[in-house]
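Commentary on secondary and tertiary structure
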Amino acid sequence: MTATFAESDLCVESAVRAAVAAVNDPEYPDVSVLDLGLLESLQVESVTEHGAESVIAHVGLIPTFSGCPALKMIADDVQQSVESLGSIDRCVVSWLAGPVWDSSRLSVDAQSRLAEEYTVVLRRKDGSLLCPVCGSDAVMDQAMVGPTRCRSVAWCPSCRNPVEVMR
Ligand SMILES: [Zn+2]
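Here is a short report on the structure shown in this document.

Reading the values: rules and limits
Residues numbered from 1 in each chain as written. Predicted model: local features only at pLDDT ≥ 70, side-chain atom pairs only at ≥ 80, totals over all residues. Heavy atoms only, no water. Donors = N, O, S within 2.8 Å, 3.2 Å for Na, K, Ca; no water. Tetrahedral: all angles 85-135°; square planar, octahedral: opposite > 155°, others 65-115°. Core = buried A, V, L, I, M, F, W, Y, C linked by side-chain atoms within 4.5 Å. Buried < 20%, exposed > 50% of the residue type's maximum accessible area, 1.4 Å probe, protein only. Helix = DSSP H or I, 4+ residues; strand = E, 2+ residues; numbered from the N terminus. Domains from an automatic or database assignment. Contact = heavy atoms within 4.5 Å. Salt bridge = Lys/Arg side-chain N within 4 Å of Asp/Glu carboxyl O.

Quick look at the coordination of the zinc ion now. Distances from the zinc ion to its protein donors, namely C131 (SG), C134 (SG), C156 (SG) and C159 (SG), fall within the range 2.3 Å. If you look at the zinc ion, its four donor atoms make angles of 106 to 113° with each other, and the shape they trace is tetrahedral.

Below is the structure:
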């Protein structure tokens, strides 16, 4: 039997949202997975199991890149963070097949942190790249292998800096 929250609903959901925001991406240790735009859905339900009531949070995330090896780590961290809330008994984290992540899901804060601290360049809607160091739009895509499958490395001919491209 399933009952949904009424008045306390928003309050519990914002607590869960805050718990998700407390989890940072393993690859960018001071950028939260919430700021990265990974959180797609959030649902809290109260379920009666074996005569006892449990509050279960369902968190739906979308990956930045489907083969990213950090996914398991992120899911575990989110689950742990949400379950540390006194109001949540269990958290179920799932990776959703859609929508497809794109850089427009990043918060303004995440965009500037990625640019300033990690020299990460974002591909714009027209496919061009903008250098996070000097602002040049002459960044060349290179077939170099990045540090992980989620990222690749490009070269800025204007300021001669290597920059990371977030896919
Ligand atoms: Zn540059």
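This paragraph deals with the nonpolar core. Nonpolar side chains in soluble globular proteins tend to be buried together. Within the largest apolar cluster, 31 residues are counted, with the highest numbers of intra-cluster contacts made by V16, V59, V78, V82, I88, L114 and M166. Of all the elements in the fold, those that place two or more residues in this core are helix 1 (9–21), strand 2 (39–49), strand 3 (52–61), helix 2 (71–83), helix 3 (108–118) and strand 5 (120–122). A domain-level breakdown of this core finds at least three residues from each of domain 1 (2–95) and domain 2 (119–166). Residues within four places of I88 in sequence aside, it is in contact with V12, V16, V44, V55, A57, V82 and E83. Residues V121, L129, V139 and V165 belong to the second largest nonpolar core, which totals eight residues.

Right, let's talk about the pattern of salt bridges for a bit. Inspection of the entire model under this criterion finds four salt bridges. The salt bridge partner of E49 is R90, with a shortest N-O separation of 3.4 Å. Residue E49 is located in strand 2, and its partner R90 is located in strand 4 (residues 90–95); the two are separated by 41 residues in the primary sequence. In this structure, the salt-bridge partner of R113 is D109, at a minimum N-O distance of 3.4 Å. Placement of both R113 and D109 in helix 3 is noted, with a separation of four residues, approximately one turn of the helix.

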